[in-house]
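# Structure at a glance
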Amino acid sequence: MVRDTGKALRGPAIVLLAVGAVFNIILFILMFRFADEENLLMVLLTAALIGIISLVVAKGLVSISRRDYGK
């Protein structure tokens, strides 16, 4: 069975990607500000938070894909 990527990239998937992208952009900006202030702990925490948000978005996309296409 051929998967239609256009069908997968509708509604909830687009919203999830947009929200994740906005959060990651904000966190990248904050990370660079903390780096300018030479605050290593906050840079590391911000980088970890970026990774966590990316994993949540990826798991959400997998969940949406499984729901749309079955297992």
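Since this is a predicted model, take the numbers as computed values, not measurements.

### A closer look at the packing of helix α2 (residues 12–36) against helix α3 (residues 40–69)
The interhelical angle for the contact between α2 and α3, taken along N-to-C directions, is 170°, at an axis separation of 9 Å. Looking at the two axes, α2 sits roughly antiparallel to α3. Residues that form the contact of α2 with α3 fall into these classes: 19 nonpolar, five polar and one charged.

### Here's the deal with α2
For α2, which comprises 25 residues, the first-to-last C-alpha distance of 36 Å matches the rise-based estimate of 36 Å (1.5 Å per residue) to within 8%. Three or more residues of α2 are buried, namely Ala13, Gly20, Asn24, Leu27, Met31 and Phe34. Glu38, located one to two residues past α2, shows a positive phi value of around 60°.

### Comments concerning the side chain of Asn24
Secondary-structure assignment places Asn24 in helix α2. Asn24 has contacts with Ile50, Ile53 and Ser54, leaving out every residue within four places of it along the chain.

### A look at the UniProt feature "transmembrane region" (unreviewed entry) in the protein
UniProt's feature table lists "transmembrane region" (unreviewed entry) at residues 12–34 and 40–62, given in the numbering used throughout. Taken end to end, residues 12–34 comprises 100% helix and 0% strand; its first and last C-alpha atoms sit 33 Å apart. Span residues 40–62 is 100% helix and 0% strand, its end C-alpha atoms 33 Å apart.

### Re α3
Helix length check: α3, at 30 residues, gives a terminal C-alpha distance of 43 Å against a target of 44 Å (1.5 Å per residue), a fit within 8%. For α3, the set of buried residues is Val43, Thr46, Ile50, Ile53, Val57, Gly60 and Ile64. Looking at the buried positions of α3, the neighbouring elements they touch are α2.

Cut-off values and rules
Residues numbered from 1 in each chain as written. Predicted model: local features only at pLDDT ≥ 70, side-chain atom pairs only at ≥ 80, totals over all residues. Heavy atoms only, no water. Axes fitted to C-alpha atoms, helices over the stretch in contact; angles between N-to-C directions. Helix = DSSP H or I, 4+ residues; strand = E, 2+ residues; numbered from the N terminus. Parallel < 35°, antiparallel > 145°, perpendicular 65-115°, else oblique. Nonpolar A, V, L, I, M, F, W, Y, C, P; charged D, E, K, R; others polar. Expected span 1.5 Å × (residues − 1). Buried < 20%, exposed > 50% of the residue type's maximum accessible area, 1.4 Å probe, protein only. Contact = heavy atoms within 4.5 Å. UniProt positions renumbered as here; feature names shortened; annotations may be inferred.

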